[in-house]
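Residues per chain, in single letters:
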Amino acid sequence: MAVTIEQFPSRIVLELTPLCNLSCYMCPRHYVKDTDGFMDNALFIKAIDEIMSVKPDAIVIPFWRGESCLHPSFVELIDYALSKKTRVHLSTNGHFMDKKFMDIFYRCEFITFSIHTDLGYNNALKLIQNKPKWSDTTIQISFVDSEKTVQTYLNQCVADKNLNGFNSIRVYKEHTLDGDFGKSDDADKEQNRAFCPKLTHTLVIAADGSYSRCNHIWESEKNIYFNDATTIKDIWNNDILNKIRDAYPDKKCSPCDQWSGNTNGESWRMQNNKIIHTRY
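Conventions and cut-offs
- The residue numbering used here restarts from 1 in each chain and proceeds along that chain's sequence as written.
- Per-residue local features are limited, in this predicted model, to residues with pLDDT of at least 70; the limit for side-chain atom pairs, both in listing and counting, is 80 or more; totals at the level of whole chains, interfaces and linings are taken over all residues.
- Note: side-chain values were computed over all heavy atoms of the structure, leaving out hydrogens and water.
- In this scheme, a residue with accessible area under 20% of its type's maximum is buried, one over 50% is exposed, and one in between is partly exposed, where area comes from a 1.4 Å probe on protein chains only.
- The helix count covers DSSP runs of H or I at least four residues long, the strand count covers runs of E at least two residues long, and both are numbered beginning at the N terminus.
- The rule for pairing is simple: two strands pair if DSSP sees at least two bridges between them.
- Every crossover in which the path from the first strand over the helix to the second runs clockwise, viewed with the strands pointing away from the viewer, is termed right-handed.
- Stacked, edge-to-face and tilted labels apply to pairs of Phe, Tyr and Trp rings (six-membered ring for Trp) whose centres lie within 6.5 Å, assigned for plane angles under 30 degrees, over 60, and everything in between, in that order.
- We count a charge as sitting over a ring when the NZ of a lysine or the CZ of an arginine lies within 6 Å of the ring centre and within 35 degrees of the ring normal.

**Student:** Honestly, the pairing of strand 4 (residues 110–114) in this entry has me stumped. Any pointers?
**Tutor:** Regular strands show a simple pattern: their side chains alternate between the two faces of the sheet. For strand 4, a buried count of five out of five residues is recorded, marking the element as mostly surrounded by other parts of the structure. For strand 3 (residues 87–92) and strand 4, the ladder comprises four bridges, and the chain directions are parallel. In the sheet register, Ser 91 faces strand 4, and the bridge partner there is Thr 112. In this fold, the crossover linking strand 3 to strand 4 by way of helix 3 (residues 99–105) has right-handed handedness. Alignment of strand 4 against strand 5 (residues 138–144), held across five bridges, turns out to be parallel. Bridging across to strand 5, Ile 111 finds its partner in Ile 139. Handedness of the β-α-β unit built from strand 4, helix 4 (residues 118–129) and strand 5 comes out right-handed.

Shown next as structure tokens:
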């Protein structure tokens, strides 16, 4: 199928750490081996510098398989990216909410709170309620449809005419089943399969410098590493990624049903003082 691959990725995932302070039963972490370690500070800074010199409008996502706030230099690294005017889109479980973290969150372009606990939900509300006038951060709250937090908090947010102050609410289906990464129970997504846009615009760099073809496949390729001798452009144009694109969908992509461009589930968002509900 004919597709256009961006010359340089417009969405770059930089995994600060695969470590997490939670152990949610539905999390794909249970199927992967790389669950510890931290991205080297110099590696993160090198990535930001390249991105801002080559494609300054790219979105940087300092999150993948773990809780980024666990990185011992989280505040310093994200502050560095923001000081360069990087478009930072962050996800967190909401367990880290002292002033230094809040100050960083308010400077990001977008932040989503993935709610798995009461503490995470209450801290997300805290960020909303204390949001300064100068901050134009888009704040989303998200849930996984099989968790109890959906019944506990989703209806509260959706029933409120202002979505409890959140710009949007997102409910995701579990997207890994029995070790098939990106696989949900949504059989309809197998109809008229399109080329996955993640392969055209998104690069995922793991904390150890290895990379993945997409954020839904939680295993990284080990044939080339982002390090002092390589660049993001080197990784993006390497033979393995090109073979993956040429062979799409191969045995790793075939089980996945997240290829439409919108992760399965539904959303509510504010638009012109109205709530827009969308099913994906």
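**Student:** Could you clarify how one ought to interpret the packing of aromatic side chains in this entry?
**Tutor:** In the structure shown here, the tally under the stated rule is seven aromatic pairs. Judged by centre distance (6.5 Å) and plane angle (80 degrees), the ring pair of Tyr 106 and Trp 134 falls under edge-to-face. Within this pair, whereas Tyr 106 is found in the loop between helix 3 and strand 4, its partner Trp 134 is found in the loop between helix 4 and strand 5, the two being separated by 28 residues in sequence. Judged by its relative accessible area of 5%, Tyr 106 falls in the buried class. A residue is classified by how much of its surface remains accessible, and Trp 134, at 55% relative accessible area, is exposed. Taking NZ or CZ as reference, Arg 245 lies 4.4 Å from the ring centre of Trp 236, over its face.

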